[in-house]
Amino acid sequence: MKKIILVVIALILGFLWWQQYKENKEFMDSLLLHQPIERSQVHIARVWETNKNEKIIQEEELNKIISWFNDYPANKIAEQSRIDGTSQNSKVKAGINIELKSGYKIKIFFVNGDSIYVTRTVIKGGMQITYSFLEEAPKLEHYFEEFLEQ
């Protein structure tokens, strides 16, 4: 009887460990996608509106954008297919292109007036990945809305 109880306990502990492992793995995967932007690594940043001119983002404004981006929770994203050439692409209202000193790029897209998509070439061996924010990013969305009203 003691052997059966020990086996049942071992199975329960194994199951609990597996559940925790899966949750940690999902969280770690999201951290790999949504990495913070290091201000010291930014070469230049531009904001643009679809089919219109772009402007260079000045220092103070860029610091705010980076802070808002970095503050967004890494576990509130979902990997997406590439935004280029998809149906979402036609609904992109504006974007921010950030070029890093390393040559890699981060692009933040404002889609449909309420969704944020990000493409990065700075992770996964330089391959481009795309992910979306699953929840609102009010300060970043407000920034885009104000830019579009200009």
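Not measured: the values here are computed from a predicted model.

Looking at this structure, how should I read unusual backbone geometry?
Phi is mostly negative for residues that are not glycine, and the peptide bonds are mostly trans. If you check the backbone angles, N51 has positive phi at about 60° while not being a glycine. Examined against the element boundaries, N51 turns out to sit in the loop between β1 (42–49) and β2 (54–56).

Would you mind going over helix α3 (residues 138–149) with me for this structure?
Since the α-helix turns once every 3.6 residues, residues separated by three or four places project in the same direction. With 12 residues, α3 extends 16 Å from end C-alpha to end C-alpha; this agrees with the ideal 16 Å at 1.5 Å per step. Among the residues making up α3, those that are buried are L140, E141, Y143, F144 and F147. Angular distribution of buried residues about the axis of α3 spans 155°; they occupy a single face of the element. Facing away from the buried side of α3, by more than 90 degrees, are the exposed residues P138, K139 and E149.

I would appreciate a short explanation of the packing of aromatic side chains in the present structure.
Geometrically, a pair of aromatic rings is defined through the distance of the ring centres and the angle of the planes. Counted according to the given criterion, the structure contains seven aromatic pairs. Taking 5.0 Å as the distance between ring centres and 5° as the angle between the ring planes, the aromatic pair formed by F110 and F144 counts as stacked. Of this pair, F110 sits in strand β5 (residues 105–111) while F144 sits in helix α3; the two residues are 34 residues apart in sequence, bridging distant segments of the chain. Both residues of the pair, F110 and F144, count as buried. Members of the aromatic cluster, joined through ring pairs, are W68, F110, Y143 and F144.

I tried to follow the packing of helix α2 (residues 59–71) against α3 on my own but got confused; where do I start?
Angle between the axes and distance between the axes are the two parameters that describe a pair of packed helices. Contact geometry for α2 and α3: axes closest at 9 Å, N-to-C directions at 140°. Between α2 and α3, the crossing angle belongs to the class labelled oblique. Crossing handedness for the pair α2 and α3: left-handed. Packed against α2, whose contacting residues are E61, I65 and W68, the element α3 presents K139, L140 and Y143 at the interface. When the residues that make up the contact of α2 with α3 are grouped by side-chain class, the tally is four nonpolar, no polar and two charged.

Can you walk me through the pattern of salt bridges in this structure?
Charged atoms that come close allow side chains of opposite charge to pair. Summed over all chains, the structure comprises seven salt bridges. Linking E99 and R46 is a salt bridge whose minimum nitrogen-to-oxygen distance equals 3.2 Å. Taken as a pair, E99 in strand β4 (residues 92–100) and R46 in strand β1 lie far apart in primary sequence, 53 residues in all. Here E99 falls in the partly exposed class, since its relative accessible area comes to 26%. Between E60 and K64 there is a salt bridge, with its nearest N and O atoms 3.9 Å apart. Of the two residues, E60 and K64 both sit in helix α2, four residues apart, roughly one turn of that helix. For E60, a relative accessible area of 59% gives the class exposed. The class of K64 is partly exposed, set by a relative accessible area of 42%.

Definitions and cut-offs
Residues numbered from 1 in each chain as written. Predicted model: local features only at pLDDT ≥ 70, side-chain atom pairs only at ≥ 80, totals over all residues. Heavy atoms only, no water. Helix = DSSP H or I, 4+ residues; strand = E, 2+ residues; numbered from the N terminus. Expected span 1.5 Å × (residues − 1). Buried < 20%, exposed > 50% of the residue type's maximum accessible area, 1.4 Å probe, protein only. Arc of directions from axis to C-beta. Phe/Tyr/Trp six-rings, centres within 6.5 Å; stacked < 30°, edge-to-face > 60°. Axes fitted to C-alpha atoms, helices over the stretch in contact; angles between N-to-C directions. Parallel < 35°, antiparallel > 145°, perpendicular 65-115°, else oblique. Left-handed = near helix turned anticlockwise from the far one by under 90°. Contact = heavy atoms within 4.5 Å. Nonpolar A, V, L, I, M, F, W, Y, C, P; charged D, E, K, R; others polar. Salt bridge = Lys/Arg side-chain N within 4 Å of Asp/Glu carboxyl O.

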